[in-house]
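Coordinate inspection notes
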Amino acid sequence: MPGRRALGRRFGWLWAAYAVSAYGTGLGFGAFPLIAILVLDSGPTQVAVLSAAGLVVGAMVAVPLGPWVEFRRKRPVMVAMDLTRFAALMSVPAAYALGRLSYAQLLVVSVVVAAANIAFRAASGAYLKALVPPEDLLVANGRFEATTWTATVVGPPLGGVAIGMFGPVTTVVADAVSFLLSALGIRAIGGSEPRPVRTGRAGAPSPAPAGAPRPERTDAPRLRAGDLLEGWRHILGHRVLRPLFFNTILVNGLIMATQPLLAVLLLDRLGFAPWQYGLAFAAPCVGGLVGSRLAPRLVARFGQHRVLLTSGVLRVCWSIGLVFVQPGVPGIVLIIAVQLGLVTCCGVFNPVLSTCRLDHTDPGRVARTLTAWSVSSSATTAALTAVWGLLAAITGPRPAIAIAGLLMLATPLLLPRRDHTPPPPHDAVDRVAHPATG
């Protein structure tokens, strides 16, 4: 197929495992709030707590998982996290079938799944850096990003149909099974994986005292207190990652904080039908697919820093337009246009950011860095969602959305202004600019 580059059989299995879990997650999107409302008669406060607690408590649980993942072989960790998510999610339909499902169980499952998500992402990022040559990282991240957006377009509508036909826990079963299939796909990758070695602050193996016997390397060295903070220490001490970190968690947090307010504004205040609301946010996800496919070619032509800076600026220029949404067809058209611009820019920005983050992190601290990033993002999103909920209670949803949009316009000031990326090898640039069939 033109425009495709073969990254090898092992990457193919990793991509297939990612795809099946992404589609499962798309099918199960919004399942827990729906179950809480339809099955457990939960009110708005309980539904909000369910969403926020999963992020916050899951992030707290994941903090020690970063160093735990760092010092273990990554494929077994990924399989373990997939099986953990499978078991946790399957407990929901099992309890529902027995008439024992409770709000507390949903809360516990959401926390377990959130923590396992963070650990899996940390392990998979570290594994990808070891599996794929540096010049192919952007192509690989672009394929993951394209898969995410495709699953976002297809999954939620099909999930809604499945719930209507087969009941409220149907998509939870599909999501759980997708993690089981993902675990099988990761197992099928095969090949050997070197044992992790504890590294010092600079990324080199910690030296033993002179004359001391060399300790035997194991997959599970004893964790140190400093390991918990190493990811944040690396991010905050790095001149490229630090501004990207603050920019990304703030932008993502503000975007996610306005989603509940948009639901209230569109479904309650403006009278949009649920299918119109779903269409308005699902259709623009095609832009994410387009953006992720364009990212490698844009970087090959303009360079990583310029693409990161430009797409980072453009992606925050759209949300303010949601303030002007009106009822009827014009409102739907406006939402689709705004979301299409936002999602397309994010589709370019996200894989370039993921590649830049891996480029600037040595292999000995990738898992801890990605865990710290995910934990901070989840906690920030939960905090901003709570703050904007209170703000909307005072000002109304439209002014709160406007304030978030205005704040986002200032976030490009946090992006790195200078290009600190070393130039890639000439042959790597040529392969990205002229991809082979594979």
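Residues numbered from 1 in each chain as written. Predicted model: local features only at pLDDT ≥ 70, side-chain atom pairs only at ≥ 80, totals over all residues. Heavy atoms only, no water.

**A word on the nonpolar core**
Across soluble globular proteins, nonpolar side chains show a tendency to be buried alongside one another. In plain terms, the rule: Grouping buried Ala, Val, Leu, Ile, Met, Phe, Trp, Tyr and Cys residues that are joined through side-chain atoms within 4.5 Å yields what is termed a nonpolar core. Accessibility here uses a 1.4 Å probe with only protein chains present; expressed as a share of the type maximum, an area under 20% marks a residue as buried, one over 50% as exposed, and anything in between as partly exposed. Contacts were defined at the residue level, with two residues in contact if any of their heavy atoms lie within 4.5 Å.
Membership of the largest hydrophobic core comes to 55 residues, with the highest contact counts inside it found for Phe11, Leu14, Leu128 and Leu244. Setting aside residues no more than four positions away along its own chain, Leu244 makes contact with Leu308, Leu353, Cys356, Trp373, Leu414, Leu415 and Pro416. Ranked by size, the runner-up nonpolar core spans 32 residues in total, among them Leu254, Val323, Ile332 and Ala392.

**A look at the confidence of the model for the chain**
For the record, the criterion: A residue's pLDDT is simply how confident the predictor is in it, with values from 0 to 100. In this description a helix means any DSSP run of H or I spanning at least four residues, a strand means any run of E spanning at least two, and both kinds are numbered starting from the N terminus.
Taken as a whole, the chain shows an average pLDDT of 83; of its residues, 87% reach a score of 70 or greater. Mean pLDDT across the elements of the chain bottoms out in helix H18 (residues 426–433) (42) and peaks in helix H14 (residues 304–314) (95). Confidence over residues 200–220 falls short of pLDDT 50; this stretch has 27 contacts with residues more than four positions distant or in other chains. Of the regions scoring below 50 in pLDDT, residues 425–438 engages in 23 contacts with residues more than four places distant in sequence or in other chains.

**Quick word on the environment of Met256**
Of note, Met256 is situated in helix H10 (residues 241–257). Take Met256: its relative accessible area is 45%, and that puts it in the partly exposed class. Setting aside anything within four residues of it in sequence, one finds Met256 in contact with Thr381 and Thr385.

**Focus on the pattern of salt bridges**
Operational definition: A pairing counts as a salt bridge when a side-chain nitrogen of Lys or Arg comes within 4 Å of a carboxyl oxygen of Asp or Glu.
In total, this model carries 5 salt bridges according to the counting rule given. For Arg368, the salt bridge is made with Glu70, and the minimal N-O distance between the two is 3.0 Å. Within this pair, whereas Arg368 is found in helix H16 (residues 366–395), its partner Glu70 is found in helix H4 (residues 65–70), the two being separated by 298 residues in sequence. When sorted by exposure, Arg368 lands in the same class as Glu70, which is buried. In this structure, Arg85 engages Asp82 in a salt bridge whose closest nitrogen and oxygen atoms are separated by 2.7 Å. Pair noted here: Arg85 and Asp82 are both in helix H5 (residues 74–97), with a separation of 3 residues, about one helical turn. Arg85 gets classed as buried once you look at its relative accessible area, which sits at 5%. Residue classification places Asp82 among the buried residues on the basis of a relative accessible area of 0%. Through salt bridges with shared partners, one network takes in Glu230, Arg233, Asp362 and Arg365.

**Here's the deal with the packing of helix H9 (residues 227–236) against H16**
Rules: Between the N-to-C directions of two axes lies an angle of 0 to 180 degrees, each axis being a line fitted to C-alpha atoms and, for a helix, fitted only over the stretch in contact. Working definition: roughly parallel below 35 degrees, roughly antiparallel above 145 degrees, roughly perpendicular at 65 to 115 degrees, and oblique for all remaining angles. Note on residue categories: nonpolar means Ala, Val, Leu, Ile, Met, Phe, Trp, Tyr, Cys or Pro, charged means Asp, Glu, Lys or Arg, and polar means any other residue, Gly included.
Look at H9 against H16: their axes get within 8 Å of each other, and the N-to-C directions meet at 80°. Judged by the angle between their axes, H9 and H16 are roughly perpendicular. Each of Asp227, Glu230, Gly231, Trp232, His234 and Ile235 in H9 lies in contact with H16, whose residues at this interface are Arg368, Thr369, Ala372, Trp373, Val375 and Ser376. For the contact of H9 with H16, the residue count by class is 5 nonpolar, 4 polar and 3 charged.

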